[in-house]
Structures are given as C-alpha cells and as structure tokens.
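Notes for the structure review
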Amino acid sequence: MKPSVGIRDVAQHAGVSNATVSNVLNRPDVVAPATRQRVLAAIEELGFVRNESARQLRAGRSRVIAYVALDAANPFFTDVARGVEDAAREAGLALFLCNSASDDSREREYLELLHEQRVEGILITPVDAEQLTDRGTPVVLVDRESNGTHCSVAVDDVLGGELAVTHLIETGHTRIAMVGGPMSIQQVRDRHEGAMRAVTNAGLPADALTFLETKGLQVAEGRGAGERLVGLPAARRPTAAFCANDLLALGLLQSMTQQGLRVPDDLAVVGYDDIEFAAAAAVPLTSVRQPREQLGRTAAQLLLAENEPDHEHRHVKFQPELVVRASSAVKR
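Please read these numbers as outputs of a predicted model, since none were measured by experiment.

Right, let's talk about the overall build of the chain for a bit. Helix and strand counts for the chain stand at 12 helices and 12 strands. Computed over C-alpha atoms, the radius of gyration of the chain comes to 26 Å, more than 25% over the 20 Å expected from 2.2 N^0.38 for 332 residues, which places it beyond the range of a compact globule. Taken over the C-alpha atoms alone, the chain extends approximately 90 × 40 × 35 Å along its principal axes. Here the chain, with 332 residues, has 48% of them falling under the buried criterion. In the chain, of all internal contacts separated by at least 6 residues, the share reaching a separation of at least 24 is 69%. Positive and negative side-chain charges in the chain, numbering 35 and 44 respectively, have mean positions lying 3 Å apart.

Peptide bonds are mostly trans, and most non-glycine residues show a negative phi. Each neighbour pair has its own omega, and for Gly181 with Pro182 the value is 0°, a cis peptide bond. Here Pro182 lies in the loop between strand S6 (176–180) and helix H8 (186–201). Looking along the chain, the bond that leaves Val263 and enters Pro264 is cis, with omega of 10°. With a phi angle near 55°, Arg118 is a residue other than glycine that sits in the positive phi range. Accessibility expressed as a relative area gives 44% for Arg118, which makes it partly exposed. Phi is positive for Asp273, which is not a glycine, with a value near 115°. Assignment of secondary structure puts Asp273 in strand S9 (residues 268–273). Here Asp273 falls in the buried class, since its relative accessible area comes to 3%.

For the rest of this paragraph, the subject is the sheet that holds strand S10 (residues 286–289). Here six strands make up an open sheet; going across it, the order is S7-S6-S8-S9-S10-S12 and the pairing mixed. Each of the sheet's edge strands pairs with one partner strand only, and the pair in question is strand S7 (209–213) and strand S12 (321–323). In this sheet, neighbouring strand axes are inclined to one another by 20° on average, regardless of whether the strands run parallel or antiparallel. Bridge count between S6 and S7: five bridges; the pairing is parallel. If you follow Met178 over to S7, its bridge partner there is Phe211.

Moving on, we get to the sheet that holds strand S2 (residues 94–99). If you walk across this open sheet you meet the six strands as S2-S1-S3-S4-S5-S11, and the pairing is parallel. At either margin of the open sheet sits one strand with a lone partner, and together these are S2 and strand S11 (315–318). Between one strand axis and the next, the sheet turns by 15° as a mean value, whatever way the strands run. Strand direction decides the pairing type here: strand S1 (residues 64–69) and S2, joined by six bridges, are parallel. Looking at the pairing, Ala66 lines up with Phe96 of S2.

Along the chain, Glu293 falls in helix H12 (residues 292–304). On the accessibility criterion, Glu293 (35% relative accessible area) is partly exposed. Along the backbone, Glu293 and Arg82 are 211 residues apart, and their C-alpha atoms lie at a distance of 6.2 Å. For Glu293, the contacting residues outside a window of four places in its chain are Asp79, Arg82, Gly83 and Asp86.

To continue, consider a negative patch on the surface. A contiguous patch of negative charge on the surface is contributed by Asp103, Asp104, Glu109, Asp128 and Glu130. Residue position: Asp103 is located in the loop between S2 and helix H6 (104–116). Owing to a relative accessible area of 31%, Asp103 belongs among the partly exposed residues under this scheme.

Time to look at the pairing of S11. Only one face of S11 is covered, namely the one carrying Val316 and Phe318; the face carrying His315 and Lys317 has none of its residues buried. Bridge count for strand S5 (residues 151–155) against S11 is four bridges, and the pairing is parallel. Residue pairing in the sheet places Val155 in a bridge with Phe318 of S11.

Structurally, Ala329 can be placed in the segment after S12. With a relative accessible area of 36%, Ala329 lands in the partly exposed category. The spatial distance from the C-alpha of Ala329 to the C-alpha of Thr171 is 7.6 Å, given a sequence separation of 158 residues.

Let us now look at the packing of helix H1 (residues 7–14) against helix H3 (residues 33–46). At a closest axis distance of 9 Å, the pairing of H1 and H3 adopts a crossing angle of 120°. Compared by their axis directions, H1 and H3 come out oblique. Viewed along their axes, H1 and H3 form a crossing whose handedness is right-handed. Residues Asp9, Val10, His13 and Ala14 of H1 lie in contact with H3, whose contacting residues are Arg38, Val39, Ala42, Ile43, Glu45 and Leu46. Broken down by class, the residue content of the contact of H1 with H3 amounts to six nonpolar, one polar and three charged.

Our focus in this paragraph is the packing of helix H2 (residues 18–26) against H3. Two elements in contact, H2 and H3, have axes whose closest approach is 10 Å; the angle formed by their N-to-C orientations is 90°. Considering their axes alone, H2 and H3 lie roughly perpendicular with respect to each other. Across from Thr20, Val21, Val24 and Leu25 in H2, the residues of H3 making contact are Thr35, Arg36, Val39, Leu40 and Ile43. Here the contact of H2 with H3 is built from residues that sort into six nonpolar, two polar and one charged.

On to H12, then. Its 13 residues place the ends of H12 19 Å apart at the C-alpha level, agreeing with the 18 Å of an ideal helix rising 1.5 Å per residue. All of the buried residues in H12 are Arg292, Leu295, Gly296, Thr298, Ala299, Ala300, Leu302 and Leu303.

Cut-offs applied
Residues numbered from 1 in each chain as written. Predicted model: local features only at pLDDT ≥ 70, side-chain atom pairs only at ≥ 80, totals over all residues. Heavy atoms only, no water. Helix = DSSP H or I, 4+ residues; strand = E, 2+ residues; numbered from the N terminus. Rg over C-alpha atoms; globule rule 2.2 N^0.38 Å. Buried < 20%, exposed > 50% of the residue type's maximum accessible area, 1.4 Å probe, protein only. Contact = heavy atoms within 4.5 Å. Lys, Arg positive; Asp, Glu negative; His and termini not counted. Charge placed at Lys NZ, Arg CZ, Asp CG, Glu CD. Pairing = 2+ DSSP bridges. Axes fitted to C-alpha atoms, helices over the stretch in contact; angles between N-to-C directions. Patch = residues over 30% accessible without salt bridge, like charges linked within 9 Å, V, L, I, M, F, W, Y side chains within 5 Å. Areas by Shrake-Rupley, 256 points an atom, 1.4 Å probe, with all protein chains shown as cover. Salt bridge = Lys/Arg side-chain N within 4 Å of Asp/Glu carboxyl O. Parallel < 35°, antiparallel > 145°, perpendicular 65-115°, else oblique. Left-handed = near helix turned anticlockwise from the far one by under 90°. Nonpolar A, V, L, I, M, F, W, Y, C, P; charged D, E, K, R; others polar. Expected span 1.5 Å × (residues − 1).

This is how it looks when you write it as structure tokens:
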C-alpha cells in the first residue's frame, strides 16, 4: 500500500514551510499567488488528500448534516432527502441519510451516533418528537410540527385529509374507509382528523367513515386492508377509500385487482403524497400532493440558519393540493 502523503511532504516538495501549506489549504488569500500555485502543483503531483477528520476534530464540527428519515423505502422520504441534499451541496456540505424504519430505539441509536460525530445539524422526521433532547446540535423537524423547541417544516395534514374525503363525498360517496396506521404516527392522526372534519361538514353521521388501522404504511399493509374491506358486510361496505399514503393506496389497488373488483366502479381510491408512482399506476391514482423536495430544501435552509446571531425558531407550514386522476372518477 502506498504511504499517505502529509503536509510535511507537500512542504518539502514545494520548498515552503508547513505553515505555508496550511495557509494554502485554509486561508489561500494570505499566500502570494506564485507560492500558492507552487504548493497546489505539489499537492497535485503527490496526490495529497487533506485529513478532513482531523480538521473537523480541531474545529469541533464536521461539514456534514444528517437526515433521519422515518422510512427510506418510501419514495416520499427519498424525494425529501433530494431537496435536503440540493441545499446542502449549495452550502458546501455533505448529507448523511439515516433510516429509523419507524423504530424509536433505532432512531435513538442514530441520534446518539450523529451527536458523537459532531455533525453540523440534524434533520429528522421523528418516530416520537417528545424524545428529542437538546444535546447542543441544531435539530429541525421535517414533515412534523414542533412544539416550539425546534424549527420545523410541515404540511397541513388535517387540511389534506379533509380535501381527500370532501372530494369523495362530492363525487357521491357516503360510505368511506380510511386506511392508515399506526395511530402513534402524528401524520396519520392529523389526516384522520381531517377526514372526520369532512364527514362532519357534509352533515354525514360519524359512522360514514370506517377506519381500517394498519400496522404500517407499506404496500403490503394496503393489500391486507383491501382484503379486510372486501370482507365487510355488503350493506355497510365502503364504496370509497382514503389511504394515509400512496403506498397503502397502491397496495389497495393491487388487492382490488386480485379480487376481481374495479377501481373506481366498485371502489374509488385516494392516496396521499403524490409520489411519482401514483400517476403511473395501472389506474392512475388520485392523491393529495405534498411539495416533497421543497420540504427538504426549506428544512435544510432552516438548519443552516440555526447558527446565525439572534436566531429564532421558525415553523413553516405548506398547503397540500388534491390531484384528481382516474381512481376516483365520478361515481355513476
């Protein structure tokens, strides 16, 4: 293995002091142009790579931010991460992506590791926001409202649930299922609250909305919910379903096909997030759109502003938008 090249080797090769090489790396403006070019040429010829870990150790911080996502298998969170990455790159920072997989113990382990690594800041869609403690590292909540102790970026999920179910009611449905869970996830609770608000505003009884709780927000859970829905007595079986995210909705669509039922004729379906796969589904999926990449970019910008003088926590809330497609065509 070729031995690593250090600052001393560069200094000897360029005929300058170690301090001059250090200045070229950290404060190039204080070095005469001719000397600077000589040092840069030596760096190139020797293949020198600065020890960034050592520099970060001296500075007490890294040039890295981290995003702890709730479920990296969900395209919604990878789209959010893309927005975070774009803002980080523009600021000269790298991004670590961590996946809590909706596991609070796994989330705690990642947070401990990131604090130990002295990252510049942490973005997180938390399993449980109440367990976040102040450890000196800036933290911004993503897709979750803060109680005031952190900056946050979120979407009005109550309004999103209301938009989805109001649309189904306006297209003629009076028996509607909501598919989602677990209820420990704040977004699910908020979207359920919005769905109930739509039912109330329409003057329908509370039992017009049947809640089919799932153990998670994955496609397989949507398929299982579809089997449960079809198994309900025909007299009270919902004719429409609002799913707490698009993955559940795609699983529900698959289940309907497997059971020989037609969407939207036998069951209208609305999802949430409007991920790329929604429009490309066998029956294009109506969905509540969230500005995914904008969520990530805005959260990263709030994080980068944490160290500014007189910083005050900000809470940015975006408005969702209903995108109507074939899966919820007007009921005949």
